[in-house]
2 protein chains.
Amino acid sequence: MGESLKYKGIYTDIRDKINKGEYKLNEKLPDGETLAAYYECSKLTVKKALDILVQEGMIVRRRGSGTFVKGVSTNGEAIALGPTAGLVKTIGKQKITSKIILFSIEKPSQEIADKLEIENEYIYKIIRVRHLNKEPYSIEHTFMPLSIIKGLEPKHLEDSIYNYIRDDLKLKMHSAHVRIKGDKANDEDCSLLNIDKDSFMMEVEKLATLENGSIFEYSITRHLYENFVFETVFVQN
Amino acid sequence: MGESLKYKGIYTDIRDKINKGEYKLNEKLPDGETLAAYYECSKLTVKKALDILVQEGMIVRRRGSGTFVKGVSTNGEAIALGPTAGLVKTIGKQKITSKIILFSIEKPSQEIADKLEIENEYIYKIIRVRHLNKEPYSIEHTFMPLSIIKGLEPKHLEDSIYNYIRDDLKLKMHSAHVRIKGDKANDEDCSLLNIDKDSFMMEVEKLATLENGSIFEYSITRHLYENFVFETVFVQN
DNA sequence: AAGTGGTCTAGACCACACT
DNA sequence: GTGTGGTCTAGACCACTTG
């Protein structure tokens, strides 16, 4: 099964209760001991579950006073992206489609090979234009090592590559390093997105790793700035 | 002292060893049990320390094989910003100075009051222009509730407000919610940063909370895009 | 089979908040 | 003082990787 972790079950249960309104905003949750009794586990396991919710900003735990609901699941219109969350997942209801510009297998440049930490290996090079409600919205360059992502086909590109990696290849993602900056539109942006030379782009560079530490994706996505918002939460350690 | 947490000590010790090159890139660290013996603590405490490093992307732990160094502390030229990390901290060696444009105490607009989750309270409103090596670089609007941040003075603004909050007020920061987007320069940008009407800005909106869950800062910072890079690491839960 | 991490427990003890 | 979270321990047991 793989997904029989007690703390994850408790986490999703409480998260769902908050989202369903069973626990309301600013309401106090039962204390750790009570929850531990309810879920038939130790207090530490409850804490581990609640810690995820703290990190997501949904609850606050105050030593001496208790645990309080502080917000609900962040599913605004904003386009966020994490390691699980490809574009597709987070965008929610809106219609997103992909047009494949290039899907080739090749030897990477030295720069790409360095990013992916590979040598003498082939990669997929994929270029896609994303459309949001039929309007061109972003252009994505994706590089993945052939040795890790086996059997990729065009049909996977139209949906989400991440689904294929998770569901078919059974690989588990672990983390993503992200760099965001602004840039002037280049020739490719102009021709593929049909925009002016003096337009402005938001560029997201992403390096993603699997649970075993190997890098499976390097991508550069350039968005029209008008629709782009990046949201994230930092939590102190 | 306040800082007598065992796991934090272990964390900083190992982090520093990695940064000093005592543990080299891709090198395998001692296993959990050995480290626990070395630091005279339980394995769980070692894990807690290493988990922070995992979250920061510095190490990878592979069940069955070990713990490996995967990178060093992210202190590139990039200007990152977290909850601890105000601009000042992360920018490192470069000379950063602030020019105070406005420092007033006023009733907030409804919008700002909502963001800070206050009612009928006064706030500080601060506008500063940041200079990087004497060049104007960003303009920052900061709003803080008077009830939380007491006794703020101009001299604190030239340095870092965060230092004042942490060292003098003894308040502990917990998290920051951040939104990043691109935008065209507005009149204020043009006049204060001395740039063209058709320039482009990177806007960072930040909402920061203390450990007790109260919101102590809402800020909007607009940067010249040329020098701005935002970096972060996502880790799966 | 041996090495290594991850999950989980049951309980001790401390720090902090409320009243 | 009582309630509540956070830290820490010592050890059990399981899952995964590697020789």
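Residues numbered from 1 in each chain as written. Chains lettered and ligands numbered in written order. Predicted model: local features only at pLDDT ≥ 70, side-chain atom pairs only at ≥ 80, totals over all residues. Heavy atoms only, no water.

**A closer look at the nonpolar core**
Moving on, step 1. Among the nonpolar cores identified, the biggest contains 22 residues, and Ile180, Met202 and Phe230 of chain A together with Ile180, Met202 and Phe230 of chain B are the most heavily contacted of them.
Moving on, step 2. Only strand E7 (173–184), strand E8 (200–210) and strand E10 (230–235) of chain A together with strand E7 (173–184), strand E8 (200–210) and strand E10 (230–235) of chain B provide two or more residues apiece to this core. (Core = buried A, V, L, I, M, F, W, Y, C linked by side-chain atoms within 4.5 Å. Buried < 20%, exposed > 50% of the residue type's maximum accessible area, 1.4 Å probe, protein only. Helix = DSSP H or I, 4+ residues; strand = E, 2+ residues; numbered from the N terminus.)

**Remarks on the packing of aromatic side chains**
Aromatic ring pairs are reported here in terms of the distance separating the ring centres and the angle at which the planes meet.
Moving on, step 1. In the structure shown here, the tally under the stated rule is 12 aromatic pairs over all chains.
Moving on, step 2. An angle of 25° between the planes, with centres 6.0 Å apart, marks the rings of phenylalanine 143 of chain A and tyrosine 218 of chain A as stacked. Of the two residues, phenylalanine 143 of chain A is situated in strand E6 (residues 135–145) and tyrosine 218 of chain A in strand E9 (residues 215–224); the sequence distance between them amounts to 75 residues.
Moving on, step 3. On the accessibility criterion, tyrosine 218 of chain A (3% relative accessible area) is buried.
Moving on, step 4. Here the aromatic rings of phenylalanine 200 of chain A and tyrosine 225 of chain B are separated by 4.6 Å at their centres, their planes lie at 80°, and the arrangement is edge-to-face. Taken together, the positions of phenylalanine 200 of chain A in strand E8 and tyrosine 225 of chain B in the loop between strand E9 (215–224) and E10 put the pair across two chains.
Moving on, step 5. Sitting over the face of the ring of tyrosine 7 of chain A, lysine 48 of chain A holds its NZ or CZ atom 4.6 Å from the ring centroid. (Phe/Tyr/Trp six-rings, centres within 6.5 Å; stacked < 30°, edge-to-face > 60°. Lys NZ or Arg CZ within 6 Å of the ring centre and 35° of its normal.)

**Topic: the environment of glutamate 33 of chain B**
Moving on, step 1. Along the polypeptide, glutamate 33 of chain B turns up in helix H2 (residues 32–39).
Moving on, step 2. Along the chain, glutamate 33 of chain B and proline 108 of chain B lie 75 residues apart, while their C-alpha atoms are 55 Å from each other.

**Looking at the domain arrangement of chain A**
Moving on, step 1. Once the domains are mapped, chain A shows domain 1 (3–69) and domain 2 (81–230).
Moving on, step 2. Between the C-alpha centres of domain 1 of chain A and domain 2 of chain A the distance comes to 35 Å. (Domains from an automatic or database assignment.)

**Section: the confidence of the model for chain A**
Residues and elements named next belong to chain A.
Moving on, step 1. Looking at chain A as a whole, the pLDDT averages 85, with 88% of positions reaching at least 70.
Moving on, step 2. The weakest mean pLDDT in chain A belongs to helix H4 (residues 87–91) at 46; the strongest belongs to helix H2 (residues 32–38) at 97.
Moving on, step 3. The model gives residues 75–91 a pLDDT under 50, and that stretch makes 37 contacts with residues more than four places away or in other chains. (pLDDT = per-residue confidence, 0-100. Contact = heavy atoms within 4.5 Å.)

**Re the pattern of salt bridges**
Moving on, step 1. In this structure the tally under the stated criterion is 28 salt bridges over all chains.
Moving on, step 2. A salt bridge links arginine 179 of chain B to glutamate 231 of chain A, with the shortest nitrogen-to-oxygen separation between them at 3.5 Å. Linking arginine 179 of chain B in strand E7 with glutamate 231 of chain A in strand E10, this pair reaches from one chain into another.
Moving on, step 3. Where aspartate 51 of chain B meets lysine 47 of chain B, a salt bridge forms, and the shortest distance between an N and an O atom there is 3.1 Å. Residue aspartate 51 of chain B and its partner lysine 47 of chain B are located together in helix H3 (residues 43–55), separated by four residues, close to a single helical turn.
Moving on, step 4. For lysine 47 of chain B, a relative accessible area of 35% gives the class partly exposed. (Salt bridge = Lys/Arg side-chain N within 4 Å of Asp/Glu carboxyl O.)

**A closer look at the protein's contact with DNA strand C**
Moving on, step 1. Around DNA strand C, the structure places 22 residues, and the nearest of them are Lys6, Tyr7, Ser42 and Thr45 of chain A together with Gly64 of chain B.
Moving on, step 2. When atoms of DNA strand C within 4 Å of the protein are sorted by moiety, sugar and phosphate together comprise 77%.
Moving on, step 3. A distance of 2.9 Å separates a sugar or linking oxygen of DNA strand C from a polar atom in the side chain of arginine 63 of chain B.
Moving on, step 4. Between DNA strand C and threonine 67 of chain B there is a distance of 3.0 Å, counted from a phosphate oxygen to a side-chain nitrogen or oxygen.
Moving on, step 5. Residue assignment for the surface near DNA strand C shows that the elements contributing at least two residues are helix H1 (6–19) and helix H3 (43–55) of chain A together with strand E2 (59–62) and strand E3 (66–69) of chain B.
Moving on, step 6. Element by element, the count of residues in the surface near DNA strand C is highest for H3 of chain A, at three residues. (Near = heavy atom within 4 Å. Polar contact = N/O pair within 3.5 Å; in protein donor to acceptor, adjacent residues only side chain to side chain.)

**Remarks on the environment of leucine 146 of chain A**
Residue and element names in this part refer to chain A.
Moving on, step 1. By the secondary structure assignment, leucine 146 is in the loop between E6 and helix H6 (154–158).
Moving on, step 2. Sequence spacing of leucine 146 and leucine 25 is 121 residues, and the spatial spacing of their C-alpha atoms is 47 Å.
Moving on, step 3. Filtering out sequence-adjacent residues up to four positions away, leucine 146 remains in contact with Ile105, Tyr122, Ile123 and Tyr124.

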